[in-house]
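Report on the structure
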Amino acid sequence: GQNIDQPTEMTATEGAIVQINCTYQTSGFNGLFWYQQHAGEAPTFLSYNVLDGLEEKGRFSSFLSRSKGYSYLLLKELQMKDSASYLCAVRDGSGGYQKVTFGTGTKLQVIP
Amino acid sequence: GAGVSQSPSNKVTEKGKDVELRCDPISGHTALYWYRQRLGQGLEFLIYFQGNSAPDKSGLPSDRFSAERTGESVSTLTIQRTQQEDSAVYLCANRPFAGGTDTQYFGPGTRLTVL
């Protein structure tokens, strides 16, 4: 099975940088996703990592260390609209399936 | 092109009734997932379809839950004898291929309320 842990809530100031961590355990790791979900809406894709290292996409970056079972999402120059839940999801390719399991999400509140 | 659509958007039902939720996937997207999200919580995997392979049903919480998909077309999630604990948003997601960097595209969800 899979076990994904991320903080429940975080608060950060507009214009600042915030790092949201995610740790996971899985038997057949085949990629890690980060999604953003605003209240009452469906999740939307932010980033994907399958190899170790940092993937940068504008204000958002995502890092992966497969040996440590660890990822983080880095948000720079925070804006009020970044207030949302951030979901870490891990894909397990064992057994011929491509099961994607989500963490419970980190609710980020950006304050002025 | 059109995204993933789900119907109904909202469903209110009485305890003990059966409900059927529908997901219309993106054309050509072979993988389809159903998730449940209770208020203020994360996404809970329910079931996964990949082409004509046997589905991964490992997330279905009880035998009251079942899902069907014909080929790469519409999928329906059926909940029999609904309970109040079934109240949640049910999300459907598609993926184009079996692997690679492709992501899941989510539908808007069906909000189910069991009275």
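Just above sits the structure.
Note that the coordinates shown come from a computational prediction; the quantities given were computed from them, not determined experimentally. (Residues numbered from 1 in each chain as written. Chains lettered and ligands numbered in written order. Predicted model: local features only at pLDDT ≥ 70, side-chain atom pairs only at ≥ 80, totals over all residues. Heavy atoms only, no water.)

Moving on, we come to the overall build of chain B. Scanning chain B for helices and strands turns up zero helices and 10 strands. Scaling as 2.2 N^0.38, a compact globule of 115 residues should have a C-alpha radius of gyration of about 13 Å, and chain B matches this with 14 Å. Here the C-alpha coordinates of chain B stretch approximately 40 × 25 × 25 Å along the principal axes. Across the 115 residues in chain B, those meeting the buried criterion constitute 50%. Across chain B, contacts joining residues at least 24 apart in sequence account for 55% of those joining residues at least 6 apart. (Helix = DSSP H or I, 4+ residues; strand = E, 2+ residues; numbered from the N terminus. Rg over C-alpha atoms; globule rule 2.2 N^0.38 Å. Buried < 20%, exposed > 50% of the residue type's maximum accessible area, 1.4 Å probe, protein only. Contact = heavy atoms within 4.5 Å.)

Following the criterion strictly, the structure yields 16 aromatic pairs over all chains and no others. With centroids separated by 4.9 Å and ring planes inclined at 50°, the aromatic side chains of A:Phe33 and A:Tyr48 adopt a geometry described as tilted. Of the two residues, A:Phe33 is situated in strand β4 (residues 29-37) and A:Tyr48 in strand β5 (residues 44-49); the sequence distance between them amounts to 15 residues. Given the relative accessible area of 12%, A:Tyr48 is considered buried. For the ring pair B:Tyr33 and B:Tyr35, a centre distance of 6.0 Å and an interplane angle of 15° mean the geometry is stacked. Judged by relative accessible area, which is 0%, B:Tyr33 ranks as buried. (Phe/Tyr/Trp six-rings, centres within 6.5 Å; stacked < 30°, edge-to-face > 60°.)

Residues and elements named next belong to chain A. Spatially, the five strands line up as an open sheet ordered β1-β3-β8-β7-β6, and their pairing is antiparallel. Two strands lie at the open edges of the sheet, namely β1 (3-5) and β6 (53-57), each paired on one side alone. Going across the sheet, the axis of each strand differs from the next one's by a mean of 15°, ignoring polarity. As paired elements, strand β3 (residues 18-25) and strand β8 (residues 70-75) share six bridges and run antiparallel to each other. Among the inter-strand pairings, Gln-19 is bridged to a residue of β8, identified as Leu-74. (Pairing = 2+ DSSP bridges. Axes fitted to C-alpha atoms, helices over the stretch in contact; angles between N-to-C directions.)

A complete count under the given rule lists two disulfides over all chains for this structure. Covalently, A:Cys22 is tied to A:Cys88 through a disulfide, its sulfur atoms 2.0 Å apart. Judged by the sign of its S-S torsion, about -70°, the bond between A:Cys22 and A:Cys88 is left-handed. Of this pair, A:Cys22 sits in strand β3 while A:Cys88 sits in strand β9 (residues 84-92); the two residues are 66 residues apart in sequence, bridging distant segments of the chain. The class of A:Cys22 is buried, set by a relative accessible area of 1%. Shown here is the disulfide that connects B:Cys23 with B:Cys92, its sulfur atoms set 1.9 Å apart. Between B:Cys23 and B:Cys92, the S-S dihedral sits near -60°, and the bridge is therefore left-handed. Of this pair, B:Cys23 sits in strand β3 (residues 19-24) while B:Cys92 sits in strand β8 (residues 88-95), and the two are 69 residues apart along the sequence. By relative accessible area, B:Cys23 is classed as buried at 0%. (Disulfide = S-S within 2.5 Å.)

Next up on the list: the pairing of β5(A). Residue and element names in this part refer to chain A. As judged from the five bridges shared by β4 and β5, these two strands associate in the antiparallel manner. Bridging across to β5, Tyr-35 finds its partner in Phe-45. Connecting the antiparallel pair β4 and β5 is a turn made up of six residues, with Gly-40 showing a positive phi of about 80°.

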